[in-house]
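# Descriptive structure summary
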Amino acid sequence: YVQFSARHQHTPCAFQVTSRVGSSPGKTDILNKMLDYTLQRFYPEISREDKETAVVELYRAIMERTARLVAKWQAVGFCHGVLNTDNMSVMGITIDYGPYGFMETYDPAFICNGSDKGGRYTYQAQPAICKWNVGKLGEMFSLVVPQQKLNDVLSTWDTVYNTAYLEQMRSKLGLLSIHSSDLDLVEELLTAMYRTQSDFTNTFLRLQDIDIVNGGIEECVEGMVSVCLPLHLVTKFVTTTYSKEDCDQLLKLVRMYASREDGYNPLAMYGIEPEVVIRDAETHRDLERLAKMTAEDKDKMDRDVWRVWLSKFKARLEEDHKCQVDDMDTYNRKRKEVMAAANPKVIPRNHVLQRAISDAENGDYDLVRRLRDVFEEPYTTPVEQWMCERELEKPPCVVT
């Protein structure tokens, strides 16, 4: 396991936060040994005839693997929790899953690590953080390869990530063709999920269950409303990092420094991310609006939101079918098979894991064994219904 943070051993400049240098600053002989080992051990398909070309191709392979990895995370609602460089590997894998979590109620600002007070590693931040980490790895590689060549590789991150992410999301929606509007459709779906406090995993399973191709929109709306939180549970599940009073003050600072050309942000010294403050401000406004609603108002709003999106989805499916040679029934069967392979039936929800832990502490390992079998085949294993639902008696916990 070769970590990205091995860069600290070789970079001659002081680390930005700690002002410390690595133990072997500027010693390219050690760096070259590590590069040779990595190429030989993990990437034998890359030619080592020309060292500079080999290192650039190695960097490209690491970048692409990392981008595809985080795209898969986003597609299933997985949050790592501690995406430091030392938890990322040149193999495009990660370690240190102590505070990991799977998002239940969809929230782009979801934090699974209770110690991440500033929201650095939120669900929505993961792609950018992984890109930043790959960039830091490039700083080490720049000791033996021109930085511009590495920058050229890193500049393709967004294309690689977006392609992989959209491929995953098309599969989750059962789309068999590619259309330029697909990203908008996905983003509008996520917005609908956020506005209705829908369960991330179960939203896609419900889309898999409903027959939007042959059925009416209203029937499908009824199915989607079942994954939304009722009004009396919204305040229990929708949380913010900062109180409304603190958020109001922080938002003033965010706006004050947003226009600075040098990018200076004093909040960064305290681990406060401007994006989290902005998202919290939006959430507080939503909660104030919801506080004025009745249960019937919330139900009507949820139905209206899903009715709009499902109409767009149905139109996209009709276009999708035109690109196929199959009749509608065959097309619908094929797209449902694609969805089944892309949408897990079950995720490791905290309340499920906690029950298994509690049972094990009392000497009963039956549920532990059952979960082992379930999570080995989460896309195909039939599971008990309670494992697939949010714990509605109390809000989800986070791990520290």
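These numbers were taken from a predicted model, which means no experiment stands behind them.

## Regarding the overall build of the chain
Along the backbone of the chain there are 15 helices and 2 strands. Expected size for 400 residues packed as a compact globule is a radius of gyration near 21 Å; at 23 Å, the chain falls within 12% of this value. Considering only C-alpha atoms, the chain reaches an extent of 65 × 55 × 55 Å along its principal axes. Within the chain, buried positions represent 48% of all 400 residues. Sequence-distant contacts, at least 24 apart, represent 70% of the contacts inside the chain between residues at least 6 apart. Just so you have it, the chain exposes about 20100 Å², and 52% of that area is on carbon and sulfur atoms.

## Quick look at helix α13 (residues 328–342)
A rise of 1.5 Å per residue sets the reference length of α13, with its 15 residues, at 21 Å; its end C-alpha atoms lie 21 Å apart and thus fit the reference within 8%. If you check which residues of α13 are buried, you get Thr 330, Tyr 331, Asn 332, Arg 335, Lys 336, Met 339 and Ala 342. Elements that come into contact with the buried residues of α13 comprise α5 (157–173), α7 (200–209) and α12 (295–322). In this structure Asp 327 caps α13, since a side-chain oxygen of it lies 3.1 Å from the backbone nitrogen of Asp 329.

## A closer look at the nonpolar core
Ranked by internal contacts, the top residues of the largest apolar core, which has 94 residues, are Phe 141, Leu 173, Leu 207 and Leu 310. Here this core gets 15 residues from one element, more than from any other, and that element is helix α2 (residues 51–76). Sequence-distant contacts of Leu 173, that is, excluding residues within four places in its chain, are made with Leu 185, Val 186, Leu 189, Phe 204, Leu 207, Trp 309, Phe 313, Leu 317, Arg 335 and Met 339.

## Remarks on the confidence of the model for the chain
Caution is warranted with low-pLDDT regions, since their predicted coordinates should not be read in detail. Taken over all residues, the pLDDT of the chain has a mean of 89, while the share at 70 or more is 92%. Here helix α9 (residues 231–237) stands out as the least confident element of the chain, with mean pLDDT 84; α5 is the most confident, with 98. Across residues 14–19, where pLDDT falls below 50, the model places 6 contacts with residues more than four positions away in sequence or in other chains.

## Description of the pattern of salt bridges
Summed over the entire model, instances satisfying the criterion amount to 30 salt bridges. The salt bridge involving Lys 136 is made with Glu 139; its shortest N-O contact spans 2.8 Å. Taken together, the residues span about one helical turn, with Lys 136 and Glu 139 both in helix α3 (residues 126–141) at a distance of 3 residues. The exposure class of Glu 139 is partly exposed, given its relative accessible area of 28%. A salt bridge links Lys 300 to Asp 304; the shortest N-O distance between them is 2.9 Å. Of the two residues, Lys 300 and Asp 304 both sit in helix α12, 4 residues apart, roughly one turn of that helix. Lys 300 sits in the exposed class, given a relative accessible area of 53%.

## A closer look at a nonpolar patch on the surface
Taken together, Tyr 264, Met 269 and Tyr 270 make up a surface patch of nonpolar side chains, about 410 Å² in accessible area. On the secondary structure map, Tyr 264 appears in the loop between α10 (244–258) and α11 (274–291).

## Structural notes on empty space enclosed by the protein
Tallied over the full model, the rule gives 2 cavities of 30 Å³ or more. One number sums up the size of the largest cavity: a volume of about 80 Å³. What lines the largest cavity is Val 2, Gln 3, Leu 31, Met 34, Leu 35, Thr 38, Leu 58, Ile 62, Val 90, Leu 137, Met 140 and Phe 141. Only α1 (28–42), α2 and α3 provide two or more residues apiece to the lining of the largest cavity.

## Things to note about a negative patch on the surface
There is a patch of like negative charges on the surface, built from Asp 211, Glu 219, Asp 327 and Asp 329. On the accessibility criterion, Asp 329 (55% relative accessible area) is exposed.

## Topic: helix α4 (residues 147–154)
Residues Leu 150, Val 153 and Leu 154 constitute the buried set of α4. Relative to the axis of α4, the buried residues are bounded by an arc of 95° and lie together on one face.

## Notes on the side chain of Gln 126
With respect to the secondary-structure elements, Gln 126 resides in helix α3. Reaching out from Gln 126, the side chain makes a polar contact with the backbone oxygen of Phe 78 at a distance of 3.0 Å. The residues touching Gln 126, leaving out its near neighbours within four places in the chain, are Val 70, Trp 73, Gln 74, Phe 78, Cys 79, His 80 and Leu 83.

## A word on the packing of aromatic side chains
Two aromatic rings are characterised by how far apart their centres lie and by the angle between their planes. This model, assessed by the stated rule, comprises 14 aromatic pairs. For the pair Tyr 106 and Tyr 123, a centre-to-centre distance of 6.2 Å together with 85° between the ring planes defines the contact as edge-to-face. One end of the pair, Tyr 106, is in the loop between β2 (101–102) and α3; the other, Tyr 123, is in the loop between β2 and α3, with 17 residues separating them in the sequence. Consider the rings of Tyr 106 and Phe 200, whose centres lie 6.0 Å apart with planes at 25°: the pair is stacked. Pair noted here: Tyr 106 is in the loop between β2 and α3 and Phe 200 is in helix α7, with a separation of 94 residues, a long-range link. For the pair shown, Tyr 106 and Phe 200 are each scored as buried.

Reading guide: rules and limits
Every chain's residues receive numbers from 1 upward, in the order its sequence appears when written. Residues qualify for local features only when their pLDDT is at least 70, as the model is predicted, and side-chain atom pairs are given and counted only at 80 or more; totals for whole chains, interfaces and linings, by contrast, use all residues. Side-chain calculation: all heavy atoms of the structure are included, whereas hydrogens and water are not. Helix numbers and strand numbers start at the N terminus; a helix is a DSSP run of H or I with at least 4 residues, a strand a run of E with at least 2. Atoms considered for the radius of gyration are the C-alpha atoms alone. The globule rule reads 2.2 Å times the number of residues to the power 0.38. Classification of residues uses two cut-offs on accessible area relative to the type maximum, computed with a 1.4 Å probe and protein chains only: under 20% is buried, over 50% is exposed, and between them is partly exposed. Every residue pair with non-hydrogen atoms within 4.5 Å of one another is taken to be in contact. Every accessible area reported is derived by Shrake-Rupley at a probe size of 1.4 Å, with residue values counting cover from the shown protein chains alone. Given a helix with a known number of residues, its expected span is that number minus one, times 1.5 Å. Polar contacts here mean pairs of N or O atoms no more than 3.5 Å apart (in protein, one a potential hydrogen donor and the other a potential acceptor; neighbouring residues in sequence count only if both atoms are side-chain atoms). We define the nonpolar core as a collection of buried residues of types Ala, Val, Leu, Ile, Met, Phe, Trp, Tyr and Cys that are connected through side-chain atoms lying within 4.5 Å of one another. A score from 0 to 100, pLDDT tells how confident the predictor is in each residue. Each reported salt bridge corresponds to a side-chain nitrogen of Lys or Arg within 4 Å of a carboxyl oxygen of Asp or Glu. Any residue with relative accessible area above 30% and no salt bridge may belong to a patch, with like charges joined within 9 Å and the nonpolar Val, Leu, Ile, Met, Phe, Trp and Tyr side chains within 5 Å. Only protein atoms enter the 1 Å grid used here. Points where a 1.4 Å probe fits but cannot escape make up a cavity, open sets with protein on both sides within 12 Å along at least five of seven lines make up a pocket, and a residue lines them when an atom lies within 4 Å of a point. Grid points are joined across faces, edges and corners, and a volume is the space filled by probe spheres set on the points. Note on charges: Lys and Arg go in the positive column, Asp and Glu in the negative column, and His and the chain ends are not counted at all. A single reference atom marks each charge: NZ on Lys, CZ on Arg, CG on Asp, CD on Glu. To obtain the arc, one takes the directions from the helix axis to the C-beta atoms. Any two of the Phe, Tyr and Trp rings considered here, Trp counted by its six-membered ring, make a pair once their centres fall within 6.5 Å; the pair's planes then place it as stacked at under 30 degrees, edge-to-face at over 60, or tilted in between.

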